[in-house]
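Here is how the chains run, residue by residue.
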Amino acid sequence: MNKFWIVLSHTYLSKIKTKSFIISTVIMMALILVLSNMSRLIEAFDDDDKQKVAVIDQTEDRLFDPYKNAVKGVNKDLSILSVQDEKEAEKLVNADDIVGYLLIEKDDSLGFKGTYKANQISDSMVSNDLLLALTQLKSLITANELKLTEQQIAKLNTPPAFKTIALEKNAKTEEDLNQARGLVYVLLFVIYFGVLMYATMIAMEVATEKTSRVMEILISSVPPVTQMFAKIMGIALLSLTQMILFFGAGYLSIKQNLASMDEGFFSFFGFGNTNISTIIYAIIFALLGYFLYATLAACLGSVVSKIEDVQQMISPMTMLVVIAFLIAMFGLGNPSASYITFTSFIPFFTPMIMFLRVGMLEVPFWEIALSIALMLITIFLLGIIGAKIYRGGVLMYGSSKSLKSIKNALQLSKKN
Amino acid sequence: MSLQINEVTKKFGEFTAVNQLDLTIPEKEMFGFLGGNGAGKTTTFRMILGLLDPTKGEVTWNGTKIDYTTSSVIGYLPEERGLYPKLKVRDQIVYLARLRGMNKRDALKELEYWLDRFKVPEYIDKRVEELSKGNQQKIQLIASMIHKPELLILDEPFSGLDPVNVEILKKAVIDLRDNGTTIVFSSHRMEHVEEMCEHLCIMHKGSPVVAGKLKEIKRSFGKKNVSIKADFDLSFLDTYAGVTKVKNTMEGKVLQVTGEDVAENMIRDLVPKGFVRKFELEEPSLTDIFIEKVGAVYE
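Residues numbered from 1 in each chain as written. Chains lettered and ligands numbered in written order. Predicted model: local features only at pLDDT ≥ 70, side-chain atom pairs only at ≥ 80, totals over all residues. Heavy atoms only, no water.

Caption draft 1: Looking closely at the overall build of chain A. Scanning chain A from terminus to terminus reveals 17 helices and four strands. Summarising the internal contacts of chain A: among those between residues at least 6 apart in sequence, 75% fall at separations of at least 24. Counting every atom, chain A has about 23,100 Å² of accessible surface; 63% of that belongs to carbon and sulfur. (Helix = DSSP H or I, 4+ residues; strand = E, 2+ residues; numbered from the N terminus. Contact = heavy atoms within 4.5 Å. Areas by Shrake-Rupley, 256 points an atom, 1.4 Å probe, with all protein chains shown as cover.)

In structure tokens form, the structure reads like this:
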């Protein structure tokens with residue numbers, strides 16, 4: 001068997017058998033199961049949480065009953081009860097029977113006004129609901145005073161028809177865009193973590209081989225370039241294995257929850273109508289991003305001589321990934337901004353930002369092809385330079401000051 | 001079949017690590033490489049293995065340059081010991097052996113043979129980090145010679161081992177030579193080189209100061225040692241004509257003399273003075289030669 005395959009299969013098999021890999025995979029899968037069942041779990045915990053609010057009506061207009069109906073219409077988990085005065089209400093609040101109370105008073109100019117009092121006003125949901133119900137009540141009363149017919153009231157309450165239409169033929173509709181945003185958001189995270197995690201794994205792997213000094217035997221039997229790329233491919237396979245497990249777990253549990261999901265926040269994330277091309281692009285860009293950063297990580301890992309220095313050495317690379325991720329996050333709200341278009345062609349940012357554009361907009365194919373070509377060229381160049389650094393780096397021991405050691409490594413691998 | 005090192009020079013920037021090294025290492029022999037720290041031994045080995053390219057000159061094995069196509073006939077034990085700490089001995093050796101062109105089954109068979117021979121068969125399923133340093137070294141030596149290389153390079157193979165293990169490993173290396181492997185071997189331990197190598201080379205600051213057959217090196221060195229024990233005061237010998245070095249021992253002296261004639265004169269002068277318990281003329285040891293040659297360069 002070719003040496004490339006020996007190194008590749010060794011990297012893959014020895015990594016996949018380690019306890020840390022198995023444990024982290026299992027934990028991650030459990031986390032995915034929990035997350036994908038989140039809406040159910042929240043419901044299970046949220047059940048007995050019917051909130052009660054007391055209402056003190058001081059208007060002499062007998063507003064309590066119509067208000068009760070209005071509240072019911074706004075939020076059925078919120079119930080109200082009538083009390084006589086604030087003293088009684090405060091007693092109930094202190095006894096934890098109610099979350100707060102609403103005081104409805106007469107107001108000469110406005111008809112009536114409401115004041116909501118509670119121990120904690122951090123839960124704005126309750127006060128918002130109360131306000132909404134009160135507003136509805138007020139318009140109802142006003143309408144009655146004006147002697148409007150039911151039809152007139154309905155007309156008054158109906159918002160005007162409003163549509164957004166993109167002029168570009170293939171542009172995504174607002175609804176599509178919201179769905180795509182959810183999917184892109186999740187996949188961006190996956191790319192970000194994937195690239196960062198597996199590239200770091202490469203750097204650690206190389207540095208471990210170097211610090212344990214097994215490297216010198218290895219490079220006397222396998223060319224460094226073969227070794228480096230076999231390792232990168234081995235970890236790539238490992239990452240695919242892990243991803244398939246994760247997605248498999250996620251897919252199965254989501255499929256089971258499909259019914260409960262339709263109404264939940266998952267539809268907002270665009271899972272209901274998963275866009276196949278977006279996922280394919282995600283895989284392409286994740287892999288390209290991985291190869292780009294893994295090559296970089298392998299050379300960086302090869303110049304350190306102590307395992308503790310790895311993190312420090314790869315921190316500039318980590319920064320690049322983080323910057324790309326942050327730009328992509330900003331760009332989610334406005335994917336057609338010119339800075340997004342510009343950065344999507346910078347190879348180190350392409351995997352995340354071009355993916356963002358592809359996922360959110362209709363990007364002309366030549367732009368995608370160009371960015372991928374740029375990335376491939378960069379990977380190729382990094383591969384050539386990286387192999388040189390790697391070749392010299394693995395023979396070099398001593399302090400690892402990034403730039404200087406890279407220079408030394410290049411010098412060491414020079415032909416003459 | 002021999003290893004040719006032709007006028008090889010290696011520079012790192014301004015620093016010359018190896019300077020004009022010119023050696024022929026005969027096949028099926030053990031060749032000793034001596035030198036202090038930083039003498040250029042490891043750099044020379046790395047050039048032999050093709051890990052570093054010489055600035056000038058070339059290294060050939062059987063007339064061809066050593067590169068990755070020949071790696072299945074080359075074995076290497078680096079000075080800095082290194083194995084995967086977390087891997088089991090079995091996985092480790094099989095992996096390294098496959099990289100040297102062996103198949104899995106042969107590698108396992110050979111590994112079992114060597115572990116038995118080194119009296120540690122139970123280590124096959126242990127992780128390397130669980131083994132003592134000396135035992136790790138055994139595993140490392142197995143890794144370097146499991147594929148029966150034609151050329152084996154051992155950088156300090158016996159350092160850090162107890163005498164029993166040194167003997168076991170030495171025996172294994174000698175057997176390998178008898179089976180036709182050419183071995184290049186570096187050491188700080190002169191007695192190992194003296195015992196095992198027919199040819200040797202002493203490096204100092206990148207240049208060979210002595211090279212050739214051990215016997216000839218000793219003969220051409222000229223100086224000999226005289227070891228004396230006597231019942232009377234020997235201090236007059238410190239300034240005796242022809243004595244170049246004096247070492248006092250518990251019961252007498254060891255003197256370095258310029259030749260046999262000095263020893264002859266000496267014994268004639270000693271006998272009238274009283275009872276001489278011991279008077280022995282010895283060949284110079286490699287240590288003497290090493291100190292003399294390398295020390296001379298220092299001065």
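Caption draft 2: Structural view of the pattern of salt bridges. All names here are of chain B. Within this structure, the stated rule accounts for 24 salt bridges over all chains. K148 serves as the salt-bridge partner of E110, at 3.0 Å between the closest nitrogen and oxygen. You can see E110 sitting in helix α3 (residues 104–117) and its partner K148 sitting in the loop between α4 (133–145) and β7 (151–155), a full 38 residues away along the chain. What makes E110 buried here is its relative accessible area of 17%. Look at K148 and you get exposed, because its relative accessible area is 56%. (Salt bridge = Lys/Arg side-chain N within 4 Å of Asp/Glu carboxyl O. Buried < 20%, exposed > 50% of the residue type's maximum accessible area, 1.4 Å probe, protein only.)

Caption draft 3: Local environment of the packing of aromatic side chains. Residue and element names in this part refer to chain B. This structure, assessed with the given rule, holds 15 aromatic pairs over all chains. With 5.1 Å between their ring centres and 70° between their planes, Y113 and W114 make a pair best called edge-to-face. According to the relative accessible area criterion, W114 is buried, its value standing at 5%. The lysine or arginine in question, K273, covers the ring of F236, its NZ or CZ lying 4.4 Å from the ring centre. (Phe/Tyr/Trp six-rings, centres within 6.5 Å; stacked < 30°, edge-to-face > 60°. Lys NZ or Arg CZ within 6 Å of the ring centre and 35° of its normal.)

Caption draft 4: Region of the structure containing unusual backbone geometry. All names here are of chain B. Backbone geometry at N62 places phi at a positive 55°, although glycine is not the residue there. Within the element layout of this structure, N62 appears in the loop between β4 (56–61) and β5 (64–65). Despite not being glycine, E156 has its phi angle at roughly 55°, a positive value. Take E156: it is sitting in the loop between β7 and α5 (163–178).

Caption draft 5: Expanded view of the interface of chain A and chain B. Opposite the 26 residues of chain A that make contact, chain B presents 26 residues. Buried surface at the junction of chain A and chain B, both sides included, amounts to about 2,600 Å², of which 59% is carbon and sulfur. Our count for the chain A to chain B interface comes out at one salt bridge. Measuring nitrogen to oxygen at the nearest pair gives 3.1 Å for the salt bridge that ties R46(B) to E216(A). Elements represented by at least two residues in the side of chain A that touches chain B include exactly α1 (3–16) and α9 (215–221) of chain A. (Buried area = accessible area lost by both parts, 1.4 Å probe.)

Caption draft 6: Region of interest: the packing of helix α12 (residues 276–303) of chain A against helix α13 (residues 309–331) of chain A. Residue and element names in this part refer to chain A. Two elements in contact, α12 and α13, have axes whose closest approach is 8 Å; the angle formed by their N-to-C orientations is 165°. When the interaxial angle is binned, α12 and α13 end up roughly antiparallel. As α12 runs across α13, the sense of the crossing is right-handed. Facing Y293, L296, A297, L300 and V303 of α12, the residues of α13 in contact are M313, I314, M317, L320 and V321. (Axes fitted to C-alpha atoms, helices over the stretch in contact; angles between N-to-C directions. Parallel < 35°, antiparallel > 145°, perpendicular 65-115°, else oblique. Left-handed = near helix turned anticlockwise from the far one by under 90°.)

Caption draft 7: The pairing of strand β1 (residues 3–12) of chain B, seen in detail. All names here are of chain B. Bridge count between β1 and β4: five bridges; the pairing is antiparallel. Residue pairing in the sheet places N6 in a bridge with E58 of β4. Bridging between β1 and strand β2 (residues 15–25) involves seven bridges; their strand directions are antiparallel. In the sheet register, K10 faces β2, and the bridge partner there is V18. (Pairing = 2+ DSSP bridges.)

Caption draft 8: Region of interest: the packing of α4(B) against α5(B). Residues and elements named next belong to chain B. Two numbers describe how α4 lies on α5: the axes approach to 12 Å, and their chain directions differ by 5°. As the angle between them shows, α4 and α5 are arranged roughly parallel. Here α4 contributes K138, L141 and M145 to the contact with α5, which in turn contributes N165, L169, A172, V173 and L176. Looking at the contact of α4 with α5 residue by residue, the classes come out as six nonpolar, one polar and one charged. (Nonpolar A, V, L, I, M, F, W, Y, C, P; charged D, E, K, R; others polar.)

Caption draft 9: How the structure looks around the sheet that holds strand β6 (residues 74–77) of chain B. Residue and element names in this part refer to chain B. The six strands are arranged β6-β7-β8-β3-β9-β10 in an open sheet whose pairing can be described as mixed. Whereas interior strands pair on both sides, the edge strands pair on one side only; in this sheet they are β6 and β10 (207–213). On average, each strand axis in the sheet is tilted by 15° relative to the strand beside it, whichever way the strands run. By the bridge criterion, five bridges tie strand β3 (residues 30–35) to strand β9 (residues 199–204) in an arrangement that is parallel. Bridged to G32 within β9 is L200. On top of the sheet, α4 reaches β6 and β7; it is set at about 160° to β6, its chief contact.

Caption draft 10: Structural detail: the environment of I6(A). Residue and element names in this part refer to chain A. Looking at where I6 falls in the secondary structure, it is placed in helix α1. Residue classification places I6 among the buried positions, given a relative accessible area of 3%. Residues I6 and A230, 224 residues apart in the sequence, show an inter-C-alpha distance of 8.4 Å.

Caption draft 11: Geometry of helix α8 (residues 260–270) of chain B. Residue and element names in this part refer to chain B. All of the buried residues along α8 are V262, A263, M266 and L270. One side of α8 holds all its buried residues, which, seen down the axis, span an arc of 95°. Looking at the buried positions of α8, the neighbouring elements they touch are β11 (224–230), β12 (243–248), β13 (252–257) and β14 (276–282). (Arc of directions from axis to C-beta.)

Caption draft 12: Main features of a nonpolar patch on the surface. Residues and elements named next belong to chain A. A contiguous nonpolar patch, built from I377, F380, L381, I384, I385 and L410 and spanning about 560 Å² of accessible area, is present on the exposed surface. Per-element accounting of the nonpolar patch gives the leading share, five residues, to helix α16 (residues 365–393). Relative to the helices and strands, L410 is located in helix α17 (residues 402–412). (Patch = residues over 30% accessible without salt bridge, like charges linked within 9 Å, V, L, I, M, F, W, Y side chains within 5 Å.)

Caption draft 13: The sheet that holds strand β2 (residues 78–82) of chain A, seen in detail. All names here are of chain A. Ordered in space as β2-β1-β3-β4, the four strands form an open sheet in which the pairing is mixed. Of all the strands in the sheet, just β2 and β4 (111–118) have a single pairing partner and so form its edges. When strand polarity is set aside, the average angle formed by the axes of neighbouring strands in this sheet is 25°. Where strand β1 (residues 51–57) lies against strand β3 (residues 100–107), five bridges are found, and the strand directions are parallel. Along β3, the bridge assignment pairs V53 with G100. Sheet strands in contact with helix α5 (residues 86–94) are β1, β2, β3 and β4, and its direction is about 160° off that of β3. Strands β1, β2, β3 and β4 of the sheet are contacted by helix α6 (residues 124–145), whose axis makes an angle of about 165° with β4.

Caption draft 14: Structural context of the state of the cysteines. Residue and element names in this part refer to chain B. Within this structure, the stated rule accounts for zero disulfides over all chains. Note on C201: no disulfide assigned, nearest cysteine sulfur contributed by C197 at a separation of 11 Å. When its relative accessible area of 0% is taken as the criterion, C201 is described as buried. (Disulfide = S-S within 2.5 Å.)

Caption draft 15: Layout of the side chain of R46(B). Its location among the elements puts R46(B) in helix α1 (residues 41–48). When its relative accessible area of 13% is taken as the criterion, R46(B) is described as buried. Not counting chain neighbours up to four residues away, the residues in contact with R46(B) comprise E216(A), L395(A), L51(B), L52(B) and Y76(B).

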